[in-house]
Amino acid sequence: MEKMTIKPSGPLRGSVRVPGDKSISHRAVMLGAIAEGTSRISGFLTGEDSVNTARALAAMGVEIEGMGGTELVVHGVGLRGLKAPGCALDLGNSGTSIRLLSGLLSGQGFGSTLTGDQYLRKRPMTRIVKPLSMMGAMISGQGEKNYPPLNIKPSGGLNGIVYSSPIASAQVKSAILLAGLYADGTTTVTEPMKSRDHTERMLKYMGAELREDGLSVSVTGGQKLIARDFMVPGDLSSAAFLMVAVAVVPGSKVTIKDVGINPTRTGIIDILRLMGARIAIGNVRNDGPEPIADITVKHSELNGIEIGGELLLRAIDEFPIICIAAAAAHGTTVIKDAAELRVKESDRIAAMAGELTKIGVNVLETPDGLIIHGGTPIRAAEVDSHGDHRVAMSMAVAGLIAKGGEMIIFDTENIKTSFPGFIELLESLK
Ligand code: S3P
């Protein structure tokens, strides 16, 4: 089991780029695979999660040049060109891979099995199994919550549905929209709040017609996608670890270049600003379907705030690192409406409550969040990632300002699922 040792740090300074956006990398290679023609994707995330998506598509006959690197050439096979994989598709730790591919594979004329690592096999899939079954898909998982492995049998064809999702989840929305490409008629998904919209943006970029109306989005089946070249922006969810590190380490100032600033993802910028962080967004431009910018963060004193609702949804993956900002801030931070975090790569509410306690932070766990009383010194300790990449990187950032020695973080292997080179990048700023 890999471990990581973090020493207290002096000021962080410099200008860096973070790896490509994970959500966008998945979608770029999936849609490129079923498009007509050849797409060149640059800045693809070489993390295990997105590479697992690419490998799964290659196992279904899609020729992908540059596999494992940041520059991919995807030879699209068209909507109906995927071939039956010879074996189960192993998607490792990646919830996005398994849920989006389930949508894509539900509409195929061949069967498939989708599985993953010990953590993925504990994540509930009923949220996609239910709507996909309503569309006529023959999909099932294990037990009451439909845990992976998921088995998909060839169906007699899908039909469009009108579905009101009980949760705001881009994975659910995207699975349904991808299945909708294969369905007869129109498929409409409505969500209670707007989740990230990368699928919608990329579908439109590749020539699909979508109808968006408030919190609803509709797609009509049978539409051809046209291959497009595409640059994946840096992942704001990876940049978030650096942003908080810079905000909490005195004397720091760092610019992170070419980061995606899709408004459905920028909750972390708003939250840190509300806490008192000094963040400047410059060089804003649109490259393809997604807005991109350079983000400069300077150290400042932070204050506790209340975070819930849409603000939290727009920073859903940033919960662990927000906890570290809250621990370093003066006063109390209340995080609520976060029950979904109990079914992420780990139960992130319980994991962060436990690990924050180990480093001397006064924290109270609630059913849907945490109450963190910040401002007392963070203590170096031995902590655990719970097998979760974002918990591991958050505890590393806490180590930069810990008192009393080195922070030792156990089980840090999963960092490579989303942020290969994280520790090297952090070191380069010291
Ligand atoms: C993702 C959607 C979110 C997010 C995940 C990536 C995506 O999950 O937490 O890391 O790329 O669609 P949910 O759809 O479960 O909220």
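Residues numbered from 1 in each chain as written. Predicted model: local features only at pLDDT ≥ 70, side-chain atom pairs only at ≥ 80, totals over all residues. Heavy atoms only, no water.

### Thoughts on empty space enclosed by the protein
Take a probe with the size of a water molecule and roll it over the atoms, and the empty space left behind shows itself. What the rule picks out here adds up to two cavities of 30 Å³ or more. In this structure, the largest cavity occupies an estimated 50 Å³ of space. Considering the residues around the largest cavity, the lining is formed by Lys173, Glu191, Lys194, Glu200, Glu212, Gly214, Leu215, Ser216 and Val217. Taken together, the residues that form the lining of the largest cavity break down as two nonpolar, two polar and five charged. In this structure, the second largest cavity encloses a volume near 40 Å³. (1 Å grid on protein atoms, 1.4 Å probe; cavity = no way out; pocket = protein on both sides within 12 Å on 5 of 7 lines; lining within 4 Å. Points joined across faces, edges and corners; volume = space filled by probe spheres on them. Nonpolar A, V, L, I, M, F, W, Y, C, P; charged D, E, K, R; others polar.)

### Points about the sheet that holds strand β23 (residues 369–374)
Two pairing modes exist for strands in a sheet, parallel and antiparallel, and in both the strands are linked by backbone hydrogen bonds. Judged by pairing direction, the sheet is mixed, and its four strands sit side by side in the order β20-β21-β23-β22 without closing on themselves. Both edges of this open sheet fall to β20 (306–307) and β22 (362–366), since each of them pairs with a single strand only. Bridging between β22 and β23 involves five bridges; their strand directions are antiparallel. For Val363, the partnering residue across the bridge sits in β23 and is Ile372. (Pairing = 2+ DSSP bridges. Helix = DSSP H or I, 4+ residues; strand = E, 2+ residues; numbered from the N terminus.)

### Describing the sheet that holds strand β4 (residues 63–65)
Taken together, the four strands give an open sheet; going across it, the order is β4-β5-β3-β16, and neighbouring strands pair in mixed fashion. Only two strands of the sheet have a single partner each, and these edge strands are β4 and β16 (230–231). Direction of pairing for β4 relative to strand β5 (residues 72–77): antiparallel, over a ladder of three bridges. The residue bridging Ile64 from the neighbouring strand is Val74, located in β5.

### Thoughts on unusual backbone geometry
The residue after Pro148, namely Pro149, is reached through a cis peptide bond having omega 0 degrees. Following the sequence through the fold, Pro149 ends up in strand β9 (residues 147–153). Residues other than glycine seldom take positive phi values, yet Asn146 does so here, at roughly 55 degrees. When you line up the elements, Asn146 lands in the loop between β8 (138–142) and β9.

### Observations concerning the side chain of Arg265
Along the chain, the position of Arg265 falls in the loop between β17 (253–260) and α8 (267–274). For Arg265, the side chain forms a polar contact with the side chain of Asp235, separated by 2.9 Å. A distance of 3.0 Å separates a polar atom in the side chain of Arg265 from a polar atom in the side chain of Ser237. Setting aside residues no more than four positions away along its own chain, Arg265 makes contact with Asp21, Ser23, Arg196, His198, Asp235, Leu236, Ser237, Arg314 and Glu318. (Polar contact = N/O pair within 3.5 Å; in protein donor to acceptor, adjacent residues only side chain to side chain. Contact = heavy atoms within 4.5 Å.)

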